[in-house]
Amino acid sequence: MSFALNYVTESAWAITEAALGTMVSIAQSHGGIESLEKKIGERPGNLVKSSIRGGVGIIPVRGPLFKRAGLLVDHCGASSYENILRDFHEMLASPKVQSIVLDIDSPGGEASGCSELADHIFAARGQKSIIAYIGGTGASAAYWIASACDKVYASDSAIIGSIGVQSVLRSDKTDGELKFVSSQSPKKNQDPGTEAGAAEVQRVIDGLAEVFVQKIARNRGVSRAVVMDRFGQGAVFVGAEATTRGMIDGNSTLEGVIEQTGEHKLTQEITASFIAEKHPAVAAELIEIGVQRGLAAAKAKVDREATIRQLAEGQVSDEFCQSLIDKENLSAQDAAVQILLEARRSEAPKHRPKEDPRFTFDRKLVALDMPAADASEKDKIDAQQDAAIDLAKRSGLKFKGA
């Protein structure tokens, strides 16, 4: 049995039935890995490589997808998860790249390695805008990768979906060959042609498919039930229907996507939910700051009200005190001035009684000899002069100025 056929039949594939069937038939017909490479496609003269246009890093995800780079990738236009991941991290780190577009046209590929690549892309959300564009086929593992991006757009004629995992296995043939399996491991190397062997293979394939479904649900922000109900259960859909089912975010062209995400066009509405999702540590810090500020503001409000009430006690009415508290922009210091003024107004007699002339004369005498201690020099002189003139008039004396 050729290396190529062993490789195809011993791996679990997140790939379309047609693509897997092609690989199996080629491997069976021609036997050697070189035949598989040539049948899938001779090595092109100019392999599609990652590039940067106007601040947009473009990573091609083309052909069958393999975990590691090798002869199949180098010679038949396929892609490897390790090469895609390498270019992805280089573009994340590059100051020349503002956003990243995965240009996808692939029927899918190996299940092994796909989840890790998609997880890396998902974890990088928020660092830069990451967009998937499906221009031809985005099936199985290729859709898994696309779903990990911030947004997924596709041509209106693109084929999208094929969520699931499959494998093609050979039944054992003795052909004079004897096999021994440890008695402690009765389920190791079971013949898939038997009922027990088929059950074990099905269990593994179902387990891989469940990982696939759960990751699609996480990446697209929906429940597992939605994926099972609306994403086709292995079926594929043309672009417009994939949009209505929520599998992608809209229909566009590659140039349209590049134009939307190019230099000076990267916009992201910064909302609380965006920060919480993309930057949970920052969200937690902002929440803590908000709580502390809220507590400080509440304490300041309580302290201000207590201070005003203390200043107003016994000085002004409760109604006047409350009116000052209700003026939220009025500081405690300004409230103190208002309370003092109101207290003085309240103490002033409403009707000043007519002064007795007898006391006026005595007051004048006091002012003449002992002016008010808190008066200015001019006020003292004026008071003394006024008292002197008044006394002179009362005594019948005449002098200049009287």
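The structure this text deals with has already been given above.
Calculation rules
- Throughout, residues of each chain are indexed from 1 in the direction in which the sequence is written.
- Thresholds applied to this predicted model are a pLDDT of at least 70 for local features of residues and 80 or more for the giving and counting of side-chain atom pairs; totals over whole chains, interfaces and linings are not thresholded and use all residues.
- Side-chain numbers come from the whole structure's heavy atoms, not from hydrogens or water.
- Secondary structure elements follow DSSP: runs of H or I no shorter than four residues count as helices, runs of E no shorter than two count as strands, and numbering proceeds from the N terminus.
- Any residue under 20% of the maximum accessible area for its type is buried, any over 50% is exposed, and the rest in between are partly exposed; the area is computed with a 1.4 Å probe on protein chains only.
- Areas reported here follow the Shrake-Rupley algorithm with a probe of radius 1.4 Å; residue values treat only the protein chains shown as occluding.
- Take the buried Ala, Val, Leu, Ile, Met, Phe, Trp, Tyr and Cys residues and link them wherever side-chain atoms come within 4.5 Å; each set so joined is a nonpolar core.
- Residue contacts are defined here by distance: any two heavy atoms, one from each residue, within 4.5 Å place the two residues in contact.
- Salt bridge, as used here, is a side-chain nitrogen of Lys or Arg placed within 4 Å of a carboxyl oxygen of Asp or Glu.
- Note on pairing: two strands pair once DSSP finds at least 2 bridges between them.
- To estimate the expected span of a helix, subtract one from its residue number and multiply by 1.5 Å.
- In this analysis, a patch consists of residues with relative accessible area above 30% that form no salt bridge, clustered at 9 Å for like charges and at 5 Å for the nonpolar side chains Val, Leu, Ile, Met, Phe, Trp and Tyr.
- A fitted line through C-alpha atoms represents every axis, and for helices the fit uses only the stretch in contact; the resulting angles, taken between N-to-C directions, go from 0 to 180 degrees.
- Throughout, the term roughly parallel applies to angles under 35 degrees, roughly antiparallel to angles over 145, roughly perpendicular to angles from 65 to 115, and oblique to all others.
- By convention, the crossing between two helices is left-handed when the near helix turns anticlockwise from the far helix through less than a right angle, and right-handed when the turn is clockwise.
- Any residue that is not Ala, Val, Leu, Ile, Met, Phe, Trp, Tyr, Cys, Pro, Asp, Glu, Lys or Arg is counted as polar, Gly included; the first ten are nonpolar and the last four charged.
- Classification of ring pairs uses Phe, Tyr and Trp, with its six-membered ring standing for Trp, and accepts pairs whose centres are within 6.5 Å; under 30 degrees between planes counts as stacked, over 60 as edge-to-face, and the remaining range as tilted.
- Distance and angle both matter: a charge sits over a ring if NZ of Lys or CZ of Arg is within 6 Å of the ring centre and within 35 degrees of the ring normal.

(A) Region of interest: the overall build of the chain. A tally of helices and strands in the chain yields 17 helices and 12 strands. Looking at the 402 residues of the chain, the share that counts as buried comes to 36%. When the accessible area of the chain is evaluated, it comes to approximately 23,900 Å², of which 54% is carbon and sulfur surface.

(B) Structural view of the nonpolar core. Ranked by internal contacts, the top residues of the largest apolar core, which has 46 residues, are Leu-102, Ile-121 and Ile-160. Listing elements by their share of this core, those giving two or more residues are strand E3 (56-62), helix H5 (81-93), strand E6 (99-106), helix H6 (114-123), strand E8 (129-139), helix H7 (141-147), strand E9 (151-154) and helix H8 (195-220). Sequence-distant contacts of Ile-121, that is, excluding residues within four places in its chain, are made with Phe-88, Leu-102, Ile-130, Ile-145, Ala-148 and Cys-149.

(C) Geometry of the pattern of salt bridges. Taken as a whole, this structure holds 12 salt bridges when the rule is applied. One salt bridge in this structure joins Asp-119 and Arg-218, with 2.9 Å as the shortest N-O distance. Of the two residues, Asp-119 sits in helix H6 while Arg-218 sits in helix H8, which places them 99 residues apart along the sequence. Taking relative accessible area as the criterion, Asp-119 reaches 25% and is therefore assigned partly exposed. By relative accessible area, Arg-218 is classed as partly exposed at 32%. Glu-200 is the salt-bridge partner of Arg-203, the closest N and O atoms lying 2.8 Å from each other. Remark: Glu-200 and Arg-203 occur in helix H8; sequence separation between them is 3 residues, near one turn of the helix. Accessibility expressed as a relative area gives 16% for Glu-200, which makes it buried. Look at the salt bridges and you will find they share partners, linking Asp-119, Lys-215 and Arg-218 into a network.

(D) The pairing of E3, seen in detail. Buried residues dominate E3, accounting for 6 of its 7 residues. Connecting strand E2 (residues 51-53) to the next strand, E3, in antiparallel fashion are 2 residues, including Gly-54 with a positive phi near 55 degrees. Two elements, E3 and E6, share 7 bridges in a ladder whose sense is parallel. When the sheet's bridge partners are listed, Gly-57 is paired in E6 with Ile-100.

(E) Fine view of the environment of Leu-92. Secondary-structure assignment places Leu-92 in helix H5. For Leu-92, a relative accessible area of 14% gives the class buried. Considered as a pair, Leu-92 and Ile-130 are 38 residues apart in the sequence and their alpha carbons are 9.7 Å apart. When sequence neighbours within four positions are dropped, the list of residues in contact with Leu-92 reads Ile-100, Ala-124, Gln-127 and Lys-128.

(F) Inspection of H8 at higher detail. In this model, H8 (26 residues) spans 37 Å end to end at C-alpha, consistent with the 38 Å of a helix rising 1.5 Å per residue. Inspection of H8 places Gly-197, Glu-200, Ile-205, Ala-209, Phe-212, Val-213, Lys-215, Ile-216, Ala-217, Asn-219 and Arg-220 among the buried residues, and these make up the whole buried set. Backbone geometry just after H8 places Gly-221 at a positive phi near 70 degrees.

(G) Region of the structure containing a nonpolar patch on the surface. On the surface, a cluster of nonpolar side chains totalling about 230 Å² of accessible area is made up of Val-282, Leu-286 and Ile-289. Secondary-structure assignment places Leu-286 in helix H13 (residues 280-312). Overall, Leu-286 belongs to the partly exposed group, its relative accessible area being 45%.

(H) Representation of the packing of H6 against H8. Where H6 contacts H8, the two axes come as close as 12 Å, and the packing angle between them is 15 degrees. Considered as vectors, H6 and H8 are oriented roughly parallel to each other. By crossing handedness, the relation of H6 to H8 is classed as left-handed. Contacts from Ser-115, Ala-118, Asp-119 and Phe-122 in H6 reach Val-211, Lys-215, Arg-218 and Asn-219 in H8. Tallied by class, the residues present in the contact of H6 with H8 amount to 3 nonpolar, 2 polar and 3 charged.

(I) Looking closely at helix H11 (residues 254-261). Among the residues of H11, Gly-256, Val-257, Ile-258 and Thr-261 are the ones counted as buried. Its buried side turned inward, H11 meets E2, E3, E6, E8 and E9.

(J) Looking closely at unusual backbone geometry. For Ser-162, which is not glycine, the phi dihedral falls at a positive 60 degrees. With respect to the helices and strands, Ser-162 occurs in the loop between strand E10 (159-161) and H8. The class for Ser-162 is buried, based on a relative accessible area of 10%. With phi around 50 degrees, Gln-233 is a residue other than glycine that occupies positive phi space. Mapped onto the elements of the fold, Gln-233 is located in the loop between helix H9 (224-230) and strand E11 (236-238). Owing to a relative accessible area of 60%, Gln-233 belongs among the exposed residues under this scheme.

(K) Broad picture of the packing of aromatic side chains. On inspection of all chains with the given rule, the structure shows 1 aromatic pair. Arg-218 extends its terminal NZ or CZ atom over the ring of Phe-122, reaching a point 4.0 Å from the ring centre.

(L) Main features of the pairing of E8. Across the 11 residues that make up E8, a large majority, 8, are buried. Where E6 lies against E8, 7 bridges are found, and the strand directions are parallel. Within E8, the residue paired with Ile-104 across the bridge is Ile-134. Pairing geometry for E8 and E9, over 4 bridges, is parallel. Note that in E9 the partner of Ala-132 across the bridge is Val-152.

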